[in-house]
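The primary structure of each chain is shown beneath.
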Amino acid sequence: MNLNELQKLDELLEQFRSMKLHGSGRLGAALKKPLLVLLLVSRIENNRVEENRFHFDEIEKQLERLIREHGGRPTKSGPRPEQPFSHLRSSPFWILNSQREYESGTTALVSDLRDPNSYGAFQPKVYQLLRSSSDARARVVDSILQEWWPETLHGDIREDLGLDRLDSQRRRQRDRQFTIDVLENFRYSCAFCGFHAVLNGQATGIDAAHVQWHAYRGPDDVANGISLCKLHHWAFDKGILGVMDGKRICIADVFVAQSDGGLPLESLKDHTFAVEPRNNAIAEQFLDWHRNNVYLGAA
Ligand SMILES: [Zn+2]
C-alpha cells in the first residue's frame, strides 16, 4: 500500500469502528452490522464478487446463519438480516440502492431488497481499496474482530467466513496485570474443572477470561476475571456454559454432545467451581451481563 492508501485505510478503519450499532444494547442485535461487513469482505477475499454490487438475496441466507451462529444470545425478533443491510447506509462507506425511498432509521422492505434492481455497494474508493489490497482486507477483518468479539471466538468466525489465511497478526495489547491478577486469584487453575498444568516451570493451557467482554467495556479488573482452561474458556465465551448464583455452573440446553464426547462440558452441569477465587469474588454485575448477553440457556 502507498501512503495515500494507508491514509484511506486508517480513515476506513475508523468508520468501521464507529458504526452506529443497534440501540438496544443487546449483543445479538448489535453484532449484525459487523457480521455483514465481515461477510462482504470475505466475498471479495474469496473472489465471489465481480463488481461493486451486493444483492441482498445472494447473501441473505448466509448472513442469517452468521447472525444465529456468532451474534450472541438470540433476540426475540430473530436474525432479521435485512436490518443491517438497510441500516448500514447510515455509515459513509455504504450505499443502498433500493426501489423505494426510506426515511433514515427505517428498515427497507425485504421484498424491495430482494428486487433484482436493488443492491448495496461500498463507496467506490472503499471498494477499490478492499478489492486491490489483501493487506487492507486483513486489517479490516482484524480490526472488526477485535472491536466486537473476544479472541477465543476469532478462529471460529474466520473459519466460517473463509478468512483463515487473512491474519495480520496485530493483537490488542491486553493489560498484563489483569492476566496475572486473575490467574493468581484462581491459583493458576481452571475455575470450572480445576485443570492445572506446568510446562517448563510455567502454568500452561489456562487463560484469564473477561466475564463481561473487553469489547463491551468489561474492565480489566480482577472482579471481572475468571481463570479457565482453553476448552472451558471457549465454551464460556460461546455461551454454552454460564454461571448462576455466583458459582453454580450451568450448561445451555441447545448444546448437544455426540455420545460421551461432550463429557468435559456436560460433567460440569450444576457443579460449583472446582477452584474458588482466593481473594476477589467475581462481581455479580459482570456475571449478570454474561447471562443476559452471551449464555444461550435460560437466564
Ligand atoms: Zn476447565
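Residues numbered from 1 in each chain as written. Predicted model: local features only at pLDDT ≥ 70, side-chain atom pairs only at ≥ 80, totals over all residues. Heavy atoms only, no water.

**A word on the overall build of the chain**
Link 1 in the chain: Summing up its helical and strand segments, the chain has 13 helices and eight strands in all.
Link 2 in the chain: The globule rule puts the C-alpha radius of gyration for 299 residues at 19 Å, and the 21 Å found for the chain is close to it.
Link 3 in the chain: Reported as C-alpha extents along the three principal axes, the dimensions of the chain are approximately 60 × 45 × 35 Å.
Link 4 in the chain: Within the chain, buried positions represent 48% of all 299 residues.
Link 5 in the chain: Partitioning the intrachain contacts of the chain with sequence separation of at least 6 by distance along the chain shows that 70% fall at a separation of at least 24.
Link 6 in the chain: In the chain, 38 side chains carry a positive charge and 41 a negative one; their mean positions are 2 Å apart. (Helix = DSSP H or I, 4+ residues; strand = E, 2+ residues; numbered from the N terminus. Rg over C-alpha atoms; globule rule 2.2 N^0.38 Å. Buried < 20%, exposed > 50% of the residue type's maximum accessible area, 1.4 Å probe, protein only. Contact = heavy atoms within 4.5 Å. Lys, Arg positive; Asp, Glu negative; His and termini not counted. Charge placed at Lys NZ, Arg CZ, Asp CG, Glu CD.)

**Overview of the domain arrangement of the chain**
Link 1 in the chain: As assigned here, the chain comprises domain 1 (3-160) and domain 2 (176-293).
Link 2 in the chain: Its C-alpha centre places domain 1 at a distance of 31 Å from the equivalent point of domain 2.
Link 3 in the chain: Tallying the contact residues gives 17 residues for domain 1 and 11 residues for domain 2.
Link 4 in the chain: In total, about 1100 Å² of surface goes out of reach between domain 1 and domain 2, with carbon and sulfur atoms giving 56% of it.
Link 5 in the chain: Taken together, the links from domain 1 to domain 2 amount to one salt bridge.
Link 6 in the chain: Where domain 1 packs against domain 2, one counts three residue pairs in polar contact (both at pLDDT 80 or more).
Link 7 in the chain: Of the residues in the side of domain 1 that touches domain 2, the class split is seven nonpolar, five polar and five charged. (Domains from an automatic or database assignment. Buried area = accessible area lost by both parts, 1.4 Å probe. Salt bridge = Lys/Arg side-chain N within 4 Å of Asp/Glu carboxyl O. Polar contact = N/O pair within 3.5 Å; in protein donor to acceptor, adjacent residues only side chain to side chain. Nonpolar A, V, L, I, M, F, W, Y, C, P; charged D, E, K, R; others polar.)

**As for the coordination of the zinc ion**
Link 1 in the chain: Distances from the zinc ion to its protein donors, Cys190 (SG), Cys193 (SG), Cys229 (SG) and His232 (ND1), fall at 2.0 to 2.3 Å.
Link 2 in the chain: The class for Cys190 is buried, based on a relative accessible area of 0%.
Link 3 in the chain: Of the residues examined, His232 reaches a relative accessible area of 3% and is grouped as buried. (Donors = N, O, S within 2.8 Å, 3.2 Å for Na, K, Ca; no water.)

**What to know about the environment of Ser118**
Link 1 in the chain: Structurally, Ser118 can be placed in the loop between α6 (110-114) and β2 (119-122).
Link 2 in the chain: Sequence separation between Ser118 and Asn97 is 21 residues, and the spatial gap between their C-alpha atoms is 5.4 Å.
Link 3 in the chain: Polar contacts involving the side chain of Ser118 include one to the main-chain carbonyl oxygen of Asp112, which spans 2.7 Å.

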